[in-house]
Amino acid sequence: MAEKLDVKQGTLALMILRTLEVLGPLHGYGVARRIEETSKNCLTLNYGTLYPALLKLEQEGFVIAEWRQSENNRRAKYYALTAAGRRQLAREARDWHRTADLIAAFLAPRREAP
Amino acid sequence: MRHIRAALARIAGFFTGRRADDDLRDELQSHLDMETAENIRRGMDPDEARRQALLASGGLTQAAEAVRDRRGLPWIENAAADIRYALRALRHSPAFTTIVVITLALGIGANTAIFSVVRGVLLKPLPHRDGDRLVYLRHSMDGPGGANLAFSVPEVRDFRNGAPSLAGIAEFSQWTLRYQGDDGAVRIDVGLVTGNYFEVMGLAPVLGRLTEPRDDGPGVPPVMVLTHEGWMKRFGGDSSIVGRQVRLDGKSVTVIGVLQPAPFFPGRAEALLNMVVSEHHTSSFMVEGRTHRMTEMIARLAPGASVEQARTEVAAVYARIQSAFREAYDPGSRFRVAVIPFKTVLGERARLTLWLLMGAAAFVMIISAANVANLTLMRGVRRQHELVVRAALGAGVARLRRLLLAENLVLAIIGAILGVIIAVGGVRLLTSLAERYSPRANEIRLDGVVFGFTFAVSVTVALLLSFLASLPREGSFASRILAGAHRISGSLRKHRLQRGLVVVQIAVSVVLLAGAGLLTRTMIRLADVDTGLRTEEVLTMQVPLLTPAEILYNPASDASAKERYDRMRDEMAALPGVVDVGIGSPMPLQSSGVRFEVKAEGRAPAAGEAMPRAEFRTANPDFFRAAGIPILQGRPFSTTDQRGSGRVVIINQTLADRYYPGEDPLGQRIAWTGDILRFTPISDDWRTIVGVAGNTQDGGLDAEPRPVMFMPFAQELAIGGGFVIRADSNVAALATAATRIVRRIAPAVPIENVLTVAQIKDQSVSPRRLNAALVSSFGILAVIIAAVGIAGVLAFSVSARTNEIGIRMSLGADSGRVQRMILREGGVLLAIGLVLGVAGAFFAARVIRGLLFGVEPHDPTTFIGVTVMMAAIGIAACWIPALRAARIDPAITMRAQ
């Protein structure tokens, strides 16, 4: 297994929003599994990280939560993206791309001056 | 937007915590179940599946805690818990709580009350627009009564033309007018002002309009602006007052407006009028007389100009006019002009007294805080076991510190609330004190700033107390628990801190006591001052039959006034018990402020020496006997000293010493002199000295006696005028009968200052008495707190050393020896405190020198007395714990181990 990474502050919200966008309404467990799989198990989310993040998104109005029956007939709390959440995701994704490009440019091997 | 939304959600979460907790538990449980199910699906056995799921969760409790922190307002929830805990802990030690709260309440109360006065009188910005740009010009010279001469109109004019850094100069002339009210006539203090006055001062009306430049000059109707104080006092704040006609000095004057509340200087004013109301103020004497100084100058600094600039310009102008008009500025009297910020001038009389009281209150606060700190430290040591256990159960050091802080905050806040209640009463008392010293006393308020100050003091005390106590260091818990940490033992460092605090308490108490002692002696000395009059059974009353305008512009009124004075005198003399009735002006122990230069025949002051100035007084033949003023040489006036007979005078001892040192002044001739006489009805003829009278303390009990020249009442105009009545018993009871006589003969005349000499004297002493009483009560409070402090620390030391003492005794030390040991421990602290205290008191006494009278700042009696007293109280306080130490039974102590 690859070296474990810490979840960077601020990126977890983005991952959660993206997960909900791709998979639709999902419970906490599903979100955690999806993020862990997507990261090829580089990230593990314990409850103490995941649930405060979900609560924060809910407080900010980017997701809404409701109790539902799961596919295998359990009761679970499902989180769904709101319209504000979609906008926020687009905004954060754009910011993230720009930041990533910038950092990449900084870290690129130096080219000799002609 | 999202932050607001999140914040609202959190606040909502704060209130719906419990329901959300259940929801969260279900959610986490469902997560765990799903993960367990998944693990089983992957082939684990159910137990292992569940264990793995739990492992991955990172702990359900921790997760719930993390979510809870996010959901509500953990800071408040923790604080609420801390405070609940603090209240519970304090309820369990009621004695500690009571002592601490009372101590803090007294300290905070005293500070709040005095700070509110300091703020109202000294610190608060003036109500005037840009009040810090106003400057007061003070004209002074050497000699009694020379401290504030005021200016003449030509002088004002010179400054107006020559000092561009003064954007505007307002003129204010103190004057009294007879106001004819519904219930008789009264003299009211007013200010006659120029039309630019309000513009320069930056004051606005609350009703109507203010005077303007168009109200200047002789040919305009007289108008009156009521000050806020006068409006309330005379008209009860009647809002329909504007436009009303009132009678002032027999003239009809229109009220045009009411001024916003504002302080006046140098005296109070009930109303401000244009100059035209007084013939005198529009006469050529006033307008052209360079030495006719009746005008106060308050100026507004030009934009960008500094006080320094104004000083330079004013000095230059003044030097120029002094050389241009040599006759108006006697070189020996050192005439000078000072430029002082108006706010400073308003506070100048109150400043020293108020800072003294503020300092004393601050000292009381220091002592209270030190005492509370000691109590807290001791309690902290006793609680160490509890704190160690709490720490072991998972409370971090920060959390423990917060608990302590919560406790101390609760104590300080309760103390502050009680303190404010004490302050409400104190402010009333202090306001009456401040009224005697400051025109701004009515600005004293317990307002937001004062409460802010109180709050800041309380919180600071709480913070200091919380960080003074040393907490067990993290990591040291385990070893302490192993050591079975229920043995009470303070570290050496803590002991040193406690002892240091006791030393501070003693030292500060000594400083306060010394101050109290000096002020008390000042008051006693002042009360002992011989006024120069008989103190017992003498009543004085002022009855100004004529207004200054009547005297100046209607000389015929004089004869009828004198006739009425004589009739009143005769009727008063017929009252039962009356021994003598004198007529004179002004009344003894009151200063008229009417002072002129005096020349003696054949004697000129040496070059460079100030021209002597004497106060102008009149007296009838019985005046001296009635007042009990001794005639040291010569004779009193007689009934033959009439208008038309030879002019005679009686001079007082001070004037005699000045002009005729070691010689017989009787028969010598003396005269008023100076340019200013041209503007008065007073003659500069030679007058023959027929007597020398004893000095009287007319300028106040603590003032140097001033030169005085008495003229026969019959030979001068009846300026002022009043009666001195001496009876054989209970003279105060005669006041009513005497007043009735005046009322019958002159119904529309003000009657003022109906006071016995004893009362006048008491009025002069009473502000000092209040001063001394306040500082003394602070001093006594400090000593009590300090005594409790030293006794407490020693008692604690004894209980901490019970073991040691037990061992000592079992090894042969007798109880006397143990007692001496403890006494020595306290004695060292006491001695150090006394030495520091006396040193501090030496310094403090020099600072308050200006408030002392008749006692040296380093008065040995006071200092020795205070030191002995403090030492005695300190030793008494040490005795109790020492006795307890001596009663320790070694057997019991050893067994307890």
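Since we're looking at a predicted model, the values are computed, not measured.

Concerning the overall build of chain B
Step number 1: Of the regular secondary structure elements, chain B holds 28 helices and 21 strands.
Step number 2: In summary, chain B has a C-alpha radius of gyration of 38 Å against a globular reference of 29 Å for 897 residues, an excess of more than 25%.
Step number 3: Projected onto the principal axes, the alpha-carbon positions of chain B cover approximately 135 × 80 × 55 Å.
Step number 4: Expressed as a percentage of its 897 residues, the buried residues of chain B come to 43%.
Step number 5: A fraction of 83% describes how many contacts in chain B between residues 6 or more apart in sequence connect residues 24 or more apart.

Quick look at the overall build of chain A
Step number 1: Summing up its helical and strand segments, chain A has four helices and three strands in all.
Step number 2: Tracing chain A from N to C terminus, the helices and strands come up as α-β-α-α-β-β-α.
Step number 3: Burial statistics for chain A: of 114 residues in total, 29% are counted as buried.
Step number 4: Restricting the contact set of chain A to residue pairs at least 6 apart, pairs at least 24 apart contribute 52%.

A few points about the packing of helix α20 (residues 557–573) of chain B against helix α23 (residues 734–745) of chain B
All names here are of chain B.
Step number 1: Viewed as axis vectors pointing N to C, α20 and α23 meet at an angle of 145 degrees, and their least axial separation amounts to 10 Å. Our pair here, α20 against α23, has a crossing hand that is right-handed. Residue-level contacts link R564, R567, M568, E571 and M572 of α20 to A738, I741, V742 and I745 of α23.
Step number 2: For the contact of α20 with α23, the residue count by class is six nonpolar, no polar and three charged.

Concerning the sheet that holds strand β3 (residues 75–81) of chain A
All names here are of chain A.
Step number 1: If you trace the three strands from one edge of the open sheet to the other, you get β1-β3-β2, paired in antiparallel fashion. Sheet topology places β1 (26–27) and β2 (63–69) at the edges, where each strand pairs with a single neighbour.
Step number 2: Where β2 meets β3, seven bridges bridge the pair, whose relative direction is antiparallel. Paired with E66 across the strands is Y78, a residue of β3.

Some words on the packing of helix α1 (residues 11–23) of chain A against helix α2 (residues 28–38) of chain A
Residues and elements named next belong to chain A.
Step number 1: Running from N to C, α1 and α2 point in directions that differ by 100 degrees, and their axes come no closer than 10 Å. The pairing of α1 with α2 is recorded here as roughly perpendicular in orientation. Within the contact between the two elements, α1 uses M15, I16, T19 and L23 and α2 uses V31, R34 and I35.
Step number 2: Of the residues belonging to the contact of α1 with α2, the class tally is five nonpolar, one polar and one charged.

Quick look at the interface of chain B and chain A
Step number 1: Of the residues lining the interface, 23 residues belong to chain B; the matching set on chain A comes to 17 residues.
Step number 2: If you list the elements that add at least two residues to the side of chain B that touches chain A, you get α1 (2–15), α2 (17–41), α3 (46–57) and α4 (60–71) of chain B.
Step number 3: Of the residues assigned to the side of chain B that touches chain A, the class counts are nine nonpolar, six polar and eight charged.

Here's the deal with the nonpolar core
Step number 1: Counting residues in each nonpolar core, the largest one holds 110 residues, and the members touching the most others are V364, A782 and I790 of chain B.
Step number 2: Those residues in contact with V364 of chain B that sit more than four places away from it in its chain are L106, G107, A110, F778, L781 and A782 of chain B.

Description of the domain arrangement of chain B
Bring the parts together and some accessible area is lost; that lost area is often taken as the interface size.
Step number 1: Taken domain by domain, chain B comprises domain 1 (2–72), domain 2 (150–334), domain 3 (350–527 + 764–896) and domain 4 (544–750).
Step number 2: For domain 1 of chain B and domain 2 of chain B, the distance between their C-alpha centroids amounts to 80 Å.

Brief notes about the confidence of the model for chain B
Step number 1: Here chain B averages 86 in pLDDT, and 94% of its residues register 70 or above.
Step number 2: For this predicted complex, the interface confidence score (ipTM) comes to 0.86, while the overall pTM stands at 0.74.

As for unusual backbone geometry
All names here are of chain B.
Step number 1: Note that the residue after F265, namely P266, is joined by a cis bond; omega there is 5 degrees.
Step number 2: Relative to the elements of secondary structure, P266 occurs in the loop between β7 (251–259) and β8 (271–274).
Step number 3: Residue P586 is bonded to the preceding S585 through a cis peptide linkage, with omega at -20 degrees.
Step number 4: Positionally, P586 belongs in the loop between β12 (578–585) and β13 (595–600).
Step number 5: Residue R334 is not a glycine yet carries a positive backbone phi of 50 degrees.
Step number 6: Considering the arrangement of structural elements, one finds R334 in the loop between α12 (307–324) and β10 (336–341).

Some remarks on the pairing of β8 of chain B
Residues and elements named next belong to chain B.
Step number 1: Alternating residues of β8 divide into A271 and L273 and L272 and N274, and every residue in both groups is buried.
Step number 2: The pairing of strand β3 (residues 184–193) with β8 spans four bridges and is classified as parallel. Within the sheet, the bridge partner assigned to V193 lies in β8 and is N274.
Step number 3: As paired elements, strand β5 (residues 223–226) and β8 share three bridges and run antiparallel to each other.

What to know about α4 of chain B
All names here are of chain B.
Step number 1: In this model α4 runs 16 Å from its N-terminal to its C-terminal C-alpha over twelve residues, within 8% of the 16 Å that 1.5 Å per residue would give.
Step number 2: When we look at burial in α4, the residues that qualify are A63, A66, V67 and R71. Looking straight down α4, one finds that the buried residues subtend no more than 135 degrees of arc, so they occupy a single side.

Concerning the environment of R401 of chain B
Step number 1: The residue R401 of chain B is located in helix α15 (residues 397–435) in this model.
Step number 2: Through-space distance from the C-alpha of R401 of chain B to that of S466 of chain B is 7.0 Å; in sequence the pair is 65 residues apart.

Structural notes on the environment of V67 of chain B
Step number 1: Mapping V67 of chain B onto the fold places it in helix α4.
Step number 2: Taking the C-alpha atoms as reference, V67 of chain B lies 9.3 Å from D21 of chain B; in sequence the two are 46 residues apart.

Considering the environment of M297 of chain B
All names here are of chain B.
Step number 1: Take M297: it is sitting in strand β9 (residues 296–301).
Step number 2: A tally of 23 C-beta atoms within 10 Å means that M297 is categorised as buried.
Step number 3: It is 8.6 Å that separates the C-alpha atoms of M297 and V135, two residues lying 162 residues apart in sequence.
Step number 4: Ignoring any residue separated from it by four or fewer positions in sequence, one finds M297 in contact with L137, F151, V156, F159, I169 and E171.

Conventions used here
- Residues numbered from 1 in each chain as written.
- Chains lettered and ligands numbered in written order.
- Predicted model: local features only at pLDDT ≥ 70, side-chain atom pairs only at ≥ 80, totals over all residues.
- Helix = DSSP H or I, 4+ residues; strand = E, 2+ residues; numbered from the N terminus.
- Rg over C-alpha atoms; globule rule 2.2 N^0.38 Å.
- Buried ≥ 20, exposed ≤ 12 C-beta atoms within 10 Å, placed from the backbone.
- Contact = placed C-beta atoms within 7 Å.
- Axes fitted to C-alpha atoms, helices over the stretch in contact; angles between N-to-C directions.
- Left-handed = near helix turned anticlockwise from the far one by under 90°.
- Nonpolar A, V, L, I, M, F, W, Y, C, P; charged D, E, K, R; others polar.
- Pairing = 2+ DSSP bridges.
- Parallel < 35°, antiparallel > 145°, perpendicular 65-115°, else oblique.
- Core = buried A, V, L, I, M, F, W, Y, C linked by C-beta atoms within 7 Å.
- Domains from an automatic or database assignment.
- pLDDT = per-residue confidence, 0-100.
- Expected span 1.5 Å × (residues − 1).
- Arc of directions from axis to C-beta.

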